[in-house]
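These are the residues of each chain, in order.
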Amino acid sequence: MRFKIKVNENTKHADICTSVKWGLNNEAYSLSDDYTILKWDPNSLESSKFVDLEGYGTDFDFLQGQRGSTDLVAIAFSDGSFILQQKTGKVEKKEKEAHKGAIISIKWSVDGSLATCGEDGALKIWSKTGIIRSNLVQIDKPIYCIVWSPDNDGILYCSDKMIYIKPLQAGQKQVQWKAHDGLVLKVDWNHTNNLILSCGEDCKYKVFDTYGRLLFASAPYDYVITSVAWSPNGDYFAVGAYDMLRLCDKTGWTYSFHKTNQGSILNIAWTSDGTICAGAAGNGSVIFGHVVERCITYDKWEITLTEDNKIQIIDLIDEMNSEFDFKERVINMSMKYNNLIITTSSHCYIYSFRNWNTPYIFDIRDSVSQICQCANYFCLVEVSSGIMVYNYEGRLISNPKIQGTKFEHLSHKKIAISNDLLALVDGGNNKVVKFYEMNSGKALNFTVEHSLEILEINLNQTEMIGERKLAFVDQNRDLHITPVHKKDIVKLAAMTDSFLWNEKFDMLCAISDQRFVVWYYPTSVYVDRDLLEQVKVSKECTDLTRNSQILSFQDTMVQIRRKDGAIMTQSVSPYPALLFEACERGKWEKAIKLCRYVKEHTLWAALAGLSLQFKELNTAEIALAAIEAADKVLFIQKIINVESEKAKSALLALFFKRPQEAENIYTQAKLYYRAIKMNIKLYKWERALDLALQYNVHQDTLLAYRQKYLELTGQQETIPRFEKLAYDIKKYDWVEIKNKIKQEKAREQQS
């Protein structure tokens, strides 16, 4: 991926260009010391005068309204004043003494509040009509740049060598840290990935999280870094300096480096779709960088965006390639599950690998920020319409009504889809994951709640709806798994940089503490927790640095992008996939033969988990014996020898460590003695007494077992209810009790 640089050498400002911004219809505006603001077409590079100024403008910003409405522009000046002006030229407000000295930066928030900062060290908040609301900050050094927080409840600003995050609400603590060894000139806060970008006179640019922890620091450049800006999607950012424009990944490594020969780039701005970057140059020019050569791969196909509106499709095996042209600029591309999805500003194209020449095409109402795919469906995240679910023939399936989510800032890490469910981290509470039905778009009445903020989610892609699982990473970078229909969160790993489910089978891979880890069947934790470690394969990889990301997990190949941008692959054993295919088709003998041929402990453990999940007890007995789980083998044999199907189900639930479920099965089948005896064996004496009294059965049997237990342990009775039961019964006969038990078992067999 790189910038395709476009500059109009013949048309530029007569003096230094200090600021550049984008309007609603992807037109650029530039501010200069020649008292003008020009309007630019990024394709033809033609310019026209937008407004003449009465003084030296330092910065400006548009209040973005709805599409088609008139925008309000705030323009700041070097004498400390600012004006609010309509695009038609009408001045709504002029504040002459907003600051003492020049206003350096001016920014609108989404809700219409205006923030200004300047040489006087003041940071002020104004209303949409230009009325002062608060003097938020007053320090003794100039404030050079301000950015609103993603939720508009705080402001990021920089002064001297420091970066500050100031909450708007009184009483909340300000966060601050030393960011650079020299003056901090620019900062930017991305609303999608929640990361902070900065640059300074120490000739470096850096990436921080919101706590001030350094995630990346560049090597010193030859000149001062004068500008930085995030792409709206949060996947990459641009860096400007003297005669230099650089495109970088969010982890810091460089996609492309360009010599501009236009002087220092003092300000950078991106289009809302993240496809074009504009830079304000020191010689008065406006530089446009079009993002091209974006590349995605899947199976044997490689797709490259060679021009703004042209893609190249390469068959890597057959060495064939073709090119497709589009009428509009390509904004998003996604390729999975044998389908390629491409969106422009007004259309969506669906290409099937079976037929590249006749794509399905349909109109879209708004710009698309994300594309998510699963086997049968895909969804488009549109800025105003929300999440639109389609099938691969272009038919609209559903449009879930989701409240409290800003779709233009929705990260791909906080949305996941499968053939039956759509999962989304709640916009109002990042500790909650909500679920929606794919076919109808209805919100489901179950959620997953966690104690910490959830950073990333992913759904498994198995065809069995009852086996749907959600994996997620929380704020501590711990990896967890839970069933979506029942909250039962289990921690799998710590210090997790990235994770991903296999595209077809229930295999999960992760990068944890610089180790590559694969769980052949992580769902086994819900049938026997002892199996979880036995189905795990861990491999130390010194090549995997911090912040490495898993890109895909297809068949047996895992593609990983390291922090430095290099792509590496890790292979997974092909035998688990063969095992899954055999088990899903009910070919258990074939699965056993496969494990005997491979002779691998993890594969036997995976087969044990699968057979227990499908209640194939004979196979489970063989698999558990192979991993030398003698105690479990004996229990499985006991279950096999039980004739009653209800009793088998209850014992299996007990094996899964779900005693309450086992008790419910017993009581619903009127197997009261088994329910009481199970609680006795679990030493739940009071619960056993509750059952005996509730159903008025086997009270003498229970008392006999209780007194026998006390005799063996040499204890006195301490439970008053058992003392009362002993007083009421007074005497019991073991022979009579044994006969009663035999009669009970005979009755079970007859039933």
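Bear in mind the structure is a predicted one, so any value in this text is a computation, not a measurement.

**Some thoughts on the sheet that holds strand S12 (residues 122-126)**
Piece 1. Taken together, four strands build an open sheet; the order of strands is S10-S11-S12-S13 and the sheet is antiparallel. Bordering the open sheet on either side are strand S10 (103-108) and strand S13 (132-138), each of which pairs with just one other strand. Each strand of the sheet is rotated relative to its neighbour by a mean of 15 degrees, with strand direction disregarded.
Piece 2. Inspection of the sheet shows S10 paired to strand S11 (residues 114-118) by five bridges, in the antiparallel sense. Among the inter-strand pairings, isoleucine 103 is bridged to a residue of S11, identified as glycine 118.

**Things to note about the UniProt feature "domain: IFT80 second beta-propeller" (unreviewed entry) in the protein**
Piece 1. Cross-referencing UniProt, the feature "domain: IFT80 second beta-propeller" (unreviewed entry) maps to residues 293-575 in the present numbering.
Piece 2. Taken end to end, residues 293-575 is 0% helix and 52% strand, and its first and last C-alpha atoms sit 37 Å apart.

**Quick notes on a positive patch on the surface**
Piece 1. A contiguous patch of positive charge, built from Lys504, Arg585, Lys587 and Lys590, is present on the exposed surface.
Piece 2. Within the element layout of this structure, lysine 587 appears in the loop between helix H1 (575-584) and helix H2 (588-598).
Piece 3. A relative accessible area of 42% means that lysine 587 is categorised as partly exposed.

**Comments concerning the pattern of salt bridges**
Piece 1. As enumerated under the stated definition, the model contains 31 salt bridges in all.
Piece 2. Its salt-bridge partner being arginine 706, residue glutamate 717 comes within 2.9 Å of it at the nearest N-O pair. Separated by eleven residues along the polypeptide, glutamate 717 in the loop between helix H10 (699-713) and helix H11 (720-729) and arginine 706 in helix H10 bring together distant segments of the chain.
Piece 3. Here the salt bridges do not stand alone but share partners, grouping Asp528, Asp530, Lys632 and Lys657 into one network.

**A short note on the environment of arginine 213**
Piece 1. The topology assignment puts arginine 213 in the loop between strand S20 (205-208) and strand S21 (214-217).
Piece 2. Between the C-alpha atoms of arginine 213 and isoleucine 350, which are 137 residues apart in sequence, the distance is 41 Å.
Piece 3. Setting aside anything within four residues of it in sequence, one finds arginine 213 in contact with Val207 and Phe208.
Piece 4. A polar contact of 2.6 Å, which involves the side chain of arginine 213, links it to the side chain of aspartate 209.

**A look at the packing of helix H3 (residues 601-613) against helix H4 (residues 617-626)**
Piece 1. Packing of H3 against H4 brings their axes to within 8 Å, and their N-to-C directions diverge by 155 degrees. As far as their axial angle goes, H4 and H3 are roughly antiparallel. Crossing of H3 over H4 shows left-handed handedness. Taking contact as the criterion, the partners of Trp604, Leu607, Ala608, Ser611 and Leu612 in H3 are, on H4, Thr619, Ala620, Ile622, Ala623, Leu624 and Ala626.
Piece 2. A class-by-class count of the residues in the contact of H3 with H4 yields nine nonpolar, two polar and no charged.

**Description of the nonpolar core**
Piece 1. Residues Leu479, Phe516, Trp519, Leu579, Leu607 and Leu702 are the most contacted members of the largest nonpolar core, which totals 95 residues.
Piece 2. Ranked by residue count, the leading element in this core is H3, at eight residues.
Piece 3. Apart from the residues lying within four places of it in its own chain, the contact partners of leucine 702 are Ile676, Ile680, Trp685, Ala688, Leu689, Ala692 and Phe722.

**Digging into the packing of aromatic side chains**
Piece 1. Enumeration over the complete set of coordinates arrives at 39 aromatic pairs.
Piece 2. Taken together, a centroid distance of 5.2 Å and an interplanar angle of 75 degrees make the contact between tryptophan 230 and phenylalanine 237 edge-to-face.
Piece 3. Classification of phenylalanine 237 as buried rests on a relative accessible area of 0%.
Piece 4. Ring centres of tryptophan 685 and phenylalanine 722 lie 6.4 Å apart, and the angle between their planes is 80 degrees; this geometry places the pair in the edge-to-face category. Of the two residues, tryptophan 685 is situated in helix H9 (residues 685-695) and phenylalanine 722 in helix H11; the sequence distance between them amounts to 37 residues. As far as the burial class goes, tryptophan 685 and phenylalanine 722 line up, both buried.
Piece 5. Ring pairs connect the aromatic residues Tyr298, Trp301, Phe324, Tyr351, Phe353 and Trp356, which therefore count as one cluster.
Piece 6. The ring of tryptophan 685 carries arginine 706 above its face, with NZ or CZ at 5.2 Å from the centroid.

**Here's the deal with the pairing of strand S25 (residues 276-281)**
Piece 1. For S25, the tally of buried residues reaches six of six residues, placing the bulk of the element in the interior.
Piece 2. Summarising the sheet, strand S24 (residues 254-270) and S25 pair through five bridges and their orientation is antiparallel. The residue of S25 that forms the bridge with isoleucine 268 is glycine 279.
Piece 3. Following S24, the chain reverses through five residues before pairing antiparallel with S25; glycine 274 in that reversal takes a positive phi of roughly 70 degrees.
Piece 4. Of the pairings in the sheet, the one linking S25 to strand S26 (residues 286-292) comprises five bridges and is antiparallel in character. Bridge pairing links isoleucine 276 to histidine 290 in S26.

Definitions and cut-offs
Residues numbered from 1 in each chain as written. Predicted model: local features only at pLDDT ≥ 70, side-chain atom pairs only at ≥ 80, totals over all residues. Heavy atoms only, no water. Pairing = 2+ DSSP bridges. Helix = DSSP H or I, 4+ residues; strand = E, 2+ residues; numbered from the N terminus. Axes fitted to C-alpha atoms, helices over the stretch in contact; angles between N-to-C directions. UniProt positions renumbered as here; feature names shortened; annotations may be inferred. Patch = residues over 30% accessible without salt bridge, like charges linked within 9 Å, V, L, I, M, F, W, Y side chains within 5 Å. Areas by Shrake-Rupley, 256 points an atom, 1.4 Å probe, with all protein chains shown as cover. Salt bridge = Lys/Arg side-chain N within 4 Å of Asp/Glu carboxyl O. Lys, Arg positive; Asp, Glu negative; His and termini not counted. Charge placed at Lys NZ, Arg CZ, Asp CG, Glu CD. Buried < 20%, exposed > 50% of the residue type's maximum accessible area, 1.4 Å probe, protein only. Contact = heavy atoms within 4.5 Å. Polar contact = N/O pair within 3.5 Å; in protein donor to acceptor, adjacent residues only side chain to side chain. Parallel < 35°, antiparallel > 145°, perpendicular 65-115°, else oblique. Left-handed = near helix turned anticlockwise from the far one by under 90°. Nonpolar A, V, L, I, M, F, W, Y, C, P; charged D, E, K, R; others polar. Core = buried A, V, L, I, M, F, W, Y, C linked by side-chain atoms within 4.5 Å. Phe/Tyr/Trp six-rings, centres within 6.5 Å; stacked < 30°, edge-to-face > 60°. Lys NZ or Arg CZ within 6 Å of the ring centre and 35° of its normal.

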